[in-house]
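What follows is the residue order along each chain.
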Amino acid sequence: MEEKEHGNYTDKLKDIYQSIISHLEPAYRKQYNIRRFLSCFLLFWVMKLSDSNFHEHYWLNGQTLLIVIWVGLAWIFWHYTFWRYQGGVIDTLSRNMIYFGSLWSLIWKIVVQNLVIMIWIAFISPISGIKTWRKAVKHNKHLFIENQKNDIWN
């Protein structure tokens, strides 16, 4: 009887994962993978560097497990959060910033700004991505490359 319950949970997890994948257009799912990898990688290092438990088993502790779970969820739901980010308040604000200074300081500000935004998208992915995915499932919508904010799900 335990095998049936175990198999049932794995089937449910497979169905959920299939639903997560199926609500993304194939072209959108294949795009932004380098950005997703980089942002999840940076998120892992930022979260691990904030780990204050320095001891001889630094990599083998409960906080590292939680970080890996968080980054794993960020990896799965990253496309949903990035879709939600496009055309939003932070995206509009960052695009309309006026930069002053030398050419290298401008390049530095733009690179740092984009890295911070990528880390932020990965950090909020387990929350915002799940919320967006549930909305997509509820309204049977498929997310696509260009975000059209006038298509409100009501």
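Residues numbered from 1 in each chain as written. Predicted model: local features only at pLDDT ≥ 70, side-chain atom pairs only at ≥ 80, totals over all residues. Heavy atoms only, no water.

## Focus on the packing of aromatic side chains
Per the counting criterion, the structure on display carries ten aromatic pairs. With a centroid separation of 6.1 Å and an interplanar angle of 20°, the aromatic rings of Phe37 and Phe41 are classed as stacked. Here Phe37 and its partner Phe41 are both found in helix H3 (residues 33–49), four residues apart, which amounts to about one turn of the helix. Phe41 gets classed as partly exposed once you look at its relative accessible area, which sits at 40%. Ring geometry for Phe77 against Trp133: centres 6.0 Å apart, planes inclined by 55°, an arrangement best described as tilted. Residue Phe77 is located in helix H4 (residues 62–85), and its partner Trp133 is located in helix H6 (residues 103–138); the two are separated by 56 residues in the primary sequence. Through successive ring pairs, a cluster of aromatic residues spans Tyr32, Trp78, Phe82 and Tyr85. When the ring centre of Trp75 is taken as reference, the NZ or CZ atom of Arg36 above it lies at 3.8 Å. (Phe/Tyr/Trp six-rings, centres within 6.5 Å; stacked < 30°, edge-to-face > 60°. Helix = DSSP H or I, 4+ residues; strand = E, 2+ residues; numbered from the N terminus. Buried < 20%, exposed > 50% of the residue type's maximum accessible area, 1.4 Å probe, protein only. Lys NZ or Arg CZ within 6 Å of the ring centre and 35° of its normal.)

## What about the nonpolar core?
Core analysis: the largest hydrophobic core is formed by 22 residues, its most contacted members being Tyr28, Leu43, Val71, Trp78, Tyr80, Phe82 and Ile121. Elements with a contribution of two residues or more to this core: H3, H4 and H6. Of all the elements, H4 adds the most residues to this core, at nine residues. The residues touching Ile121, leaving out its near neighbours within four places in the chain, are Trp78, Thr81, Phe82 and Tyr85. (Core = buried A, V, L, I, M, F, W, Y, C linked by side-chain atoms within 4.5 Å. Contact = heavy atoms within 4.5 Å.)

## Here's the deal with the layout of surface pockets
Empty space among the atoms becomes apparent when a probe as large as a water molecule is rolled across them. Space inside the largest pocket adds up to approximately 200 Å³. Lining the largest pocket, in full, are Arg35, Phe82, Tyr85, Gln86, Asp91, Ser94, Arg95, Gln113, Asn114, Ile117, Met118 and Ile121. Listed by contribution, the elements that provide at least two residues to the lining of the largest pocket are H4, helix H5 (89–95) and H6. With five residues, H6 is the single largest residue contributor to the lining of the largest pocket. (1 Å grid on protein atoms, 1.4 Å probe; cavity = no way out; pocket = protein on both sides within 12 Å on 5 of 7 lines; lining within 4 Å. Points joined across faces, edges and corners; volume = space filled by probe spheres on them.)

## Side note on the UniProt feature "transmembrane region" (unreviewed entry) in the chain
Those residues carrying the UniProt feature "transmembrane region" (unreviewed entry) are residues 34–51, 58–78 and 98–124 in this numbering. Regarding residues 34–51, the helix share stands at 89% and the strand share at 0%, and the terminal C-alpha atoms are separated by 26 Å. (UniProt positions renumbered as here; feature names shortened; annotations may be inferred.)

## What about the packing of H3 against H4?
Two elements in contact, H3 and H4, have axes separated by 10 Å at closest approach and are oriented at 150°. As the angle between them shows, H3 and H4 are arranged roughly antiparallel. Crossing geometry of H3 relative to H4 is assigned as right-handed. Here H3 contributes Asn33, Arg35, Arg36, Phe37, Ser39, Cys40, Leu43, Phe44, Met47 and Lys48 to the contact with H4, which in turn contributes Thr64, Ile67, Val68, Trp70, Val71, Ala74, Trp75, Trp78, His79 and Phe82. (Axes fitted to C-alpha atoms, helices over the stretch in contact; angles between N-to-C directions. Parallel < 35°, antiparallel > 145°, perpendicular 65-115°, else oblique. Left-handed = near helix turned anticlockwise from the far one by under 90°.)

## Let's talk about a nonpolar patch on the surface
Together, Phe37, Leu38, Phe41, Trp45, Leu49, Trp75, Leu103, Trp104, Ile107, Val111 and Leu115 make up an exposed nonpolar region whose accessible area comes to about 1100 Å². Only H3 and H6 provide two or more residues apiece to the nonpolar patch. Tracing the backbone through its elements, the reader meets Leu49 in helix H3. Judged by its relative accessible area of 65%, Leu49 is exposed. (Patch = residues over 30% accessible without salt bridge, like charges linked within 9 Å, V, L, I, M, F, W, Y side chains within 5 Å. Areas by Shrake-Rupley, 256 points an atom, 1.4 Å probe, with all protein chains shown as cover. Salt bridge = Lys/Arg side-chain N within 4 Å of Asp/Glu carboxyl O.)

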